[in-house]
Amino acid sequence: MKPINEAHVAVPGLAVVEVADDDASAFAVQELLAARWAIAPADRTTREPGEPGVRLRCFLDMRQEPDT
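Residues numbered from 1 in each chain as written. Predicted model: local features only at pLDDT ≥ 70, side-chain atom pairs only at ≥ 80, totals over all residues. Heavy atoms only, no water.

J.: An account of the overall build of the protein chain is needed here, citing residue identities and associated values.
T.: Helix and strand counts for the protein chain stand at one helix and three strands. N-terminal to C-terminal, the α/β element order of the protein chain is β-α-β-β. In the protein chain, which comprises 68 residues, the share counted as buried stands at 24%. When contacts within the protein chain are restricted to residue pairs at least 6 apart in sequence, long-range pairs at least 24 apart make up 58% of them. For the protein chain, the exposed surface amounts to about 4900 Å²; the carbon and sulfur share of it is 53%. (Helix = DSSP H or I, 4+ residues; strand = E, 2+ residues; numbered from the N terminus. Buried < 20%, exposed > 50% of the residue type's maximum accessible area, 1.4 Å probe, protein only. Contact = heavy atoms within 4.5 Å. Areas by Shrake-Rupley, 256 points an atom, 1.4 Å probe, with all protein chains shown as cover.)

J.: Pulling in residues and values, what's your account of helix H1 (residues 23-36)?
T.: With 14 residues, H1 should cover 20 Å at 1.5 Å per step; its first-to-last C-alpha distance of 21 Å lies within 8% of that length. Restricting attention to buried positions, one finds in H1 the residues Ala26, Gln30 and Leu33. The buried side chains of H1 occupy one side of the element, clustering within an arc of 60° when seen end-on. Structural note: H1 exposes Ala24, Glu31, Leu32, Ala35 and Arg36 on the side pointing more than 90 degrees away from its buried face. Residues of H1 that are buried make contact with strand E1 (14-21), strand E2 (38-40) and strand E3 (54-61). Here H1 starts with a cap whose side-chain oxygen sits 3.1 Å from the backbone nitrogen of Ala24, and that cap is Asp22. (Expected span 1.5 Å × (residues − 1). Arc of directions from axis to C-beta. Polar contact = N/O pair within 3.5 Å; in protein donor to acceptor, adjacent residues only side chain to side chain.)

J.: Please set out the sheet that holds E2 residue by residue, giving values where relevant.
T.: Read from one edge to the other, the open sheet built from three strands follows the order E1-E3-E2, with strand pairing classed as antiparallel. Where the open sheet ends on each side, the last strands, each with one partner, are E1 and E2. The sheet shows a mean angle of 30° between the axes of neighbouring strands, taken without regard to direction. Sheet topology note: the E1/E3 ladder contains eight bridges and is antiparallel. Within E3, the position partnered with Ala20 by the bridge is Arg55. (Pairing = 2+ DSSP bridges. Axes fitted to C-alpha atoms, helices over the stretch in contact; angles between N-to-C directions.)

J.: Pulling in residues and values, what's your account of the pattern of salt bridges?
T.: Under the definition given, this model contains four salt bridges. The partner of Arg63 in a salt bridge is Asp61, with the nearest N and O atoms 2.8 Å apart. The buried category is assigned to Asp61, whose relative accessible area is 10%. A single network of salt bridges, built from pairs that share partners, joins Glu18, Glu51, Arg55 and Arg57. (Salt bridge = Lys/Arg side-chain N within 4 Å of Asp/Glu carboxyl O.)

J.: Quick one: what's the story with the side chain of Arg57, residue by residue and with numbers?
T.: Summarising the element assignment, Arg57 is placed in strand E3. Accessibility expressed as a relative area gives 15% for Arg57, which makes it buried. Engagement of the side chain of Arg57 in a polar contact is seen with the side chain of Glu18, the distance being 2.8 Å.

Following this line, the structure appears as C-alpha cells:
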C-alpha cells in the first residue's frame, strides 16, 4: 500500500482508516464508518506478501454527513 499523503489529513476532520483483517470484516468496518461520515470507500482489499490477512484503506471526512 502507498504511504498516507499529508494532504489526506491536512485539515482537521479528515482521516485515513486502514483495516487489517479478512475481507468480510474490513468491508463491515468500512460500512459502519460510511453510515456515520462521508467517506471515499475502497472497492477492494490488498494483500501484503508475507503478512496475514488483507488491508483496506478508506478516507473519511468527519466534517460531513454521509449522502442519504
